[in-house]
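Letter by letter, the chains look like this.
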Amino acid sequence: MFLPLQTIPVIGMDLGAFVLLLIAALAGGALGAALGALPAFVFTGFVVFLGEGLNVLQSQVSALPNVPKGELAVGITGVIGFGAVTGPHIAFAGGVAASAYVGQKYPEMNPSGWDYHLGKNITEAYGTKPDILAVGAIFGVLGMLINQLASGIGLPTDGIALSVFLTAMIARLVFGYPLIGKPAGNGYLDMGPFAREELRDQDDDVHEGNAGRLAVEPWLPHQYKWAGVTAIGLVGGVLGGYIWLKTGSIFLGYAISAMSLLFLNLGVEKIPVTHHITLLGSVGAAIAIPMFGSPVAAIIAAGIVGALSGLAGEASQRIFYSHSGTHVDPPAMAITFMMFIIGVLYLVGVLPNAGYLGL
């Protein structure tokens, strides 16, 4: 046990605990680079599913009388799933930064015939190459620091999602990519050039080796039309709300959505990405129950909030993802934005709670 030799201002941790977390975040970020960002996030889903499942089980049975209620879930979900091992702000962020670095440093590392800019390839595992692991480690620590700072100052949003977004933007600056990029069509929201299969001019390319790529690269070619995004948002939001109503776990739907991305990583092309939708659906239900006192009203609210989160993710990808050369995560942007709105509305007294935010 570390002695509290010094408390770090804002972060609120004793020095020993902070050093321990720092070392673990270095390893977690490097692990994300080794596995690849998307595979690392799939592991997040499995670990959170385990932690939340144990919490639900523990609430139903008394087989573990010496373990306080929720302690297992906190240890697995918080410390591992959303912590230094597979936390998205550490492992996923490290993997995203590694992809940006590879796109700039090793444009020849494209064995799978990736169709977009190489810096957006978050499905590849980069193995044991020391410089790539070092990039992942550095950005894992950066993501940890941003999250700790956001938590320490009481920022009314999801610090993990905010970290994923900010570290990806910082990686663009560090590795020489345009921060947002130049739109090829009629503004940032126009996906028409993609639909017409227009190609990027070589002079506009981000890095050597990317000539001939599409002029606009939507995050998900099967999930960018407004009507489809709204539909999957309603479906995912309802299911996230239903899961919360039946289990009391806000993160169980999120975990299932994250696990489903295993199939996307394995090449099932039209698997939807829904963790930002199911998470906000659960939050919507948790907020609606004390307001309306009706499970039906709560699940309707969950669908609406889920659809809004899906649309926020789509708007975000059109601005921040499609026109530059690296991955900036639309679900993380959607969660950051939606939870900020919810957090502010709670603080001003409009909403009865702020979901899972510790405000």
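In the block above lies the structure referred to throughout.
What you are looking at is a predicted structure, and each value in this text was computed from that prediction instead of being measured.

Procedures and definitions
Residues numbered from 1 in each chain as written. Predicted model: local features only at pLDDT ≥ 70, side-chain atom pairs only at ≥ 80, totals over all residues. Heavy atoms only, no water. Helix = DSSP H or I, 4+ residues; strand = E, 2+ residues; numbered from the N terminus. Buried < 20%, exposed > 50% of the residue type's maximum accessible area, 1.4 Å probe, protein only. Contact = heavy atoms within 4.5 Å. Areas by Shrake-Rupley, 256 points an atom, 1.4 Å probe, with all protein chains shown as cover. Polar contact = N/O pair within 3.5 Å; in protein donor to acceptor, adjacent residues only side chain to side chain. Phe/Tyr/Trp six-rings, centres within 6.5 Å; stacked < 30°, edge-to-face > 60°. Lys NZ or Arg CZ within 6 Å of the ring centre and 35° of its normal. Axes fitted to C-alpha atoms, helices over the stretch in contact; angles between N-to-C directions. Parallel < 35°, antiparallel > 145°, perpendicular 65-115°, else oblique. Left-handed = near helix turned anticlockwise from the far one by under 90°. Expected span 1.5 Å × (residues − 1).

Colleague: How would you summarise the overall build of the chain if you had to cite specific residues and measurements?
Modeller: When helices and strands are counted, the chain shows twelve helices and zero strands. Across the chain, helices and strands are ordered from the amino to the carboxyl terminus as α-α-α-α-α-α-α-α-α-α-α-α. In the chain, buried positions account for 53% of the 359 residues. Pairs at least 24 residues apart make up 73% of the contacts formed inside the chain by residues separated by at least 6 positions. A total of about 15500 Å² of accessible surface is found on the chain, and carbon and sulfur atoms cover 68% of it.

Colleague: Explain the side chain of Thr86 to me, using residue names and the numbers behind them.
Modeller: In this fold, Thr86 is placed in the loop between α3 (71-81) and α4 (88-105). Assessed through its relative accessible area of 8%, Thr86 is described here as buried. Within the structure, the side chain of Thr86 is placed 3.1 Å from the backbone oxygen of Ile80, a separation counted as a polar contact. Leaving out residues up to four positions away in the same chain, Thr86 has contacts with Ala40, Phe43, Thr44, Val47, Ile80, Gly81 and Ala91.

Colleague: Give me the packing of aromatic side chains: which residues, what numbers.
Modeller: All chains considered together, the criterion is met by ten aromatic pairs. Ring centres 5.5 Å apart and planes at 55° place the aromatic pair Tyr101 and Phe175 in the tilted group. Of this pair, Tyr101 sits in helix α4 while Phe175 sits in the loop between α6 (159-174) and α7 (192-195), placing them 74 residues apart in sequence. Of the two residues, Tyr101 and Phe175, both sit in the buried class. A centroid spacing of 6.1 Å and a plane angle of 35° characterise the contact between Phe139 and Phe175, whose relative ring orientation is tilted. You can see Phe139 sitting in helix α5 (residues 130-152) and its partner Phe175 sitting in the loop between α6 and α7, a full 36 residues away along the chain. As far as the burial class goes, Phe139 and Phe175 line up, both buried. By the ring-pair criterion, three or more aromatic residues cluster together here, those being Phe41, Phe82, Phe92, Phe251, Tyr254 and Tyr356. Positioned above the aromatic ring of Tyr321, the side-chain terminus of Lys120 is 4.2 Å from the ring centre.

Colleague: Tell me about the packing of α6 against helix α12 (residues 330-347), and name the residues and values.
Modeller: At a closest axis distance of 8 Å, the pairing of α6 and α12 adopts a crossing angle of 130°. Between α6 and α12, the angle falls in the class oblique. Of the two elements, α6 crosses α12, and the hand of that crossing is left-handed. Mapping the contact onto sequence places Ala161, Leu162, Val164 and Phe165 in α6 and Ala332, Met333, Ile335 and Thr336 in α12.

Colleague: Provide a residue-level description of the environment of Trp244, including the pertinent values.
Modeller: Within the secondary structure, Trp244 sits in helix α8 (residues 226-247). What makes Trp244 buried here is its relative accessible area of 18%. Put simply, Trp244 and Gly284 are 40 residues apart on the chain and 9.7 Å apart in space, counted from C-alpha to C-alpha. Setting aside anything within four residues of it in sequence, one finds Trp244 in contact with Ser249, Ile250, Ser282, Ala285, Ala286 and Ile289.

Colleague: Tell me what's going on with α5, and back it up with residues and numbers.
Modeller: In this model, α5 (23 residues) spans 33 Å end to end at C-alpha, consistent with the 33 Å of a helix rising 1.5 Å per residue. Immediately downstream of α5, the backbone of Gly154 shows phi near 70°, a positive value.

Colleague: Give me the environment of Pro107: which residues, what numbers.
Modeller: Along the chain, Pro107 turns up in the loop between α4 and α5. On the basis of relative accessible area, Pro107 is assigned to the partly exposed category, the value being 27%. Linking Pro107 and Leu118, residues eleven residues apart in sequence, is a C-alpha distance of 6.7 Å.

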